[in-house]
Structure formats: structure tokens, C-alpha cells
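Observations on chain architecture
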Amino acid sequence: PSWEKIYATSYVFRFFINNVLQYRNLLSQKAYKENYINAQQDIYNCINKFQKLSEKHNFRLIIVFIDDRTTLYFPMITKLKKENRVPVIDLFEYNRTVAGVKTSNGSPYYWKIDGHCNPRGYDLFAEGIAWNLKKIGITDSVNSK
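Not measured: the values here are computed from a predicted model.

When its secondary structure is counted, the protein shows six helices and two strands. Counting helices and strands in the order they occur from the N terminus, the protein gives α-α-α-β-α-β-α-α. Here the C-alpha coordinates of the protein stretch approximately 55 × 40 × 25 Å along the principal axes. Sorting the 145 residues of the protein into buried and exposed places 26% on the buried side. As displayed, the protein has an accessible area near 10500 Å², and 57% of this comes from carbon and sulfur atoms. For the protein, the distance from the average site of its 21 positive side-chain charges to the average site of its 13 negative ones is 3 Å.

Quick look at the structure:
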């Protein structure tokens, strides 16, 4: 399309095209699936590298998955939790099971224009992190309620 150069350089424009207009014609269905699988593998490999780095330099790695209101990362989250090598904070799960925030009642936590957290959403985000850190056993620097 004539707007492809803007798409290639602007995250805002890309968000609008992909999420608002639901346009998927830049990639074929097969290419989209292949790119998705490759991206998941790249992310997984990166997490493994960070995990090895944390062992080498003696720091504790924790992976946080934000609630982006999609299911794109569910396979990765499930895999990492099953492996149990790196603690995973899954804010999607926290929002649904602990805070009771679902897709149907989640709009007060996100800006309508771009879907990012608003102040109330960041409060929920922080509560989810604190709750999970307590659950993992890392609470020495967290003031819990």
C-alpha cells in the first residue's frame, strides 16, 4: 500500500492499522503465522540468555508479562511456568483471578486512544507486581498492604 513507509517507521500508525482497522494484508496468513512463531522463539531464546546471565552474575531474574488484553503470549507463559526455571509474573492471570478485571470490565484501566495503562491501570499493574513478588517470596523491599 502507498502508506507502507509510514507503517514501517511509526509504531502509532502501525497500532492504528493493526489494532483499530484490523488490517492484516501486509503479511499472508502463512507469513504471519511463521513470523509469530519466529518471534516467540526469539523471545524465548532471549529469556534463556538472560537466565544464564543471571546465574553467571548472581542476580535473580523475574519475567513479567503485562496484561495486553490478548492471548498472544499464553503459550510462552505456559511453557515458562511449566519449566519453572525463571519466576514468571503473569499480570493477565492476576487481573483475571485476583483483581477480577476482565475484558468486559477492564476499560477503566486503559486509555481508549491507544490501549496503554492509565493511572488506574498502573495502580493495578503495581498491585499485581507486589502481590506476585510476595507470592514468590521477594518482599523485603516491597511495602505490602
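More follows now that the structure is in view.
In this section: the side chain of Asp90. With respect to the helices, strands and loops of the structure, Asp90 is situated in strand β2 (residues 88–90). Separated by 3.2 Å, the side chains of Asp90 and Lys81 make a polar contact. One polar contact links the side chain of Asp90 to the main-chain amide nitrogen of Phe92, over a distance of 3.1 Å. Contacts of Asp90, omitting those with residues within four sequence positions, involve Phe65, Ile77 and Lys81.

There is a patch of nonpolar side chains on the surface, built from Phe16, Val20 and Leu21 and spanning about 280 Å² of accessible area. Position of Leu21 among the secondary structure elements: in the loop between α2 (11–20) and α3 (29–56).

The rules behind the values
Residues numbered from 1 in each chain as written. Predicted model: local features only at pLDDT ≥ 70, side-chain atom pairs only at ≥ 80, totals over all residues. Heavy atoms only, no water. Helix = DSSP H or I, 4+ residues; strand = E, 2+ residues; numbered from the N terminus. Buried < 20%, exposed > 50% of the residue type's maximum accessible area, 1.4 Å probe, protein only. Areas by Shrake-Rupley, 256 points an atom, 1.4 Å probe, with all protein chains shown as cover. Lys, Arg positive; Asp, Glu negative; His and termini not counted. Charge placed at Lys NZ, Arg CZ, Asp CG, Glu CD. Polar contact = N/O pair within 3.5 Å; in protein donor to acceptor, adjacent residues only side chain to side chain. Contact = heavy atoms within 4.5 Å. Patch = residues over 30% accessible without salt bridge, like charges linked within 9 Å, V, L, I, M, F, W, Y side chains within 5 Å. Salt bridge = Lys/Arg side-chain N within 4 Å of Asp/Glu carboxyl O.

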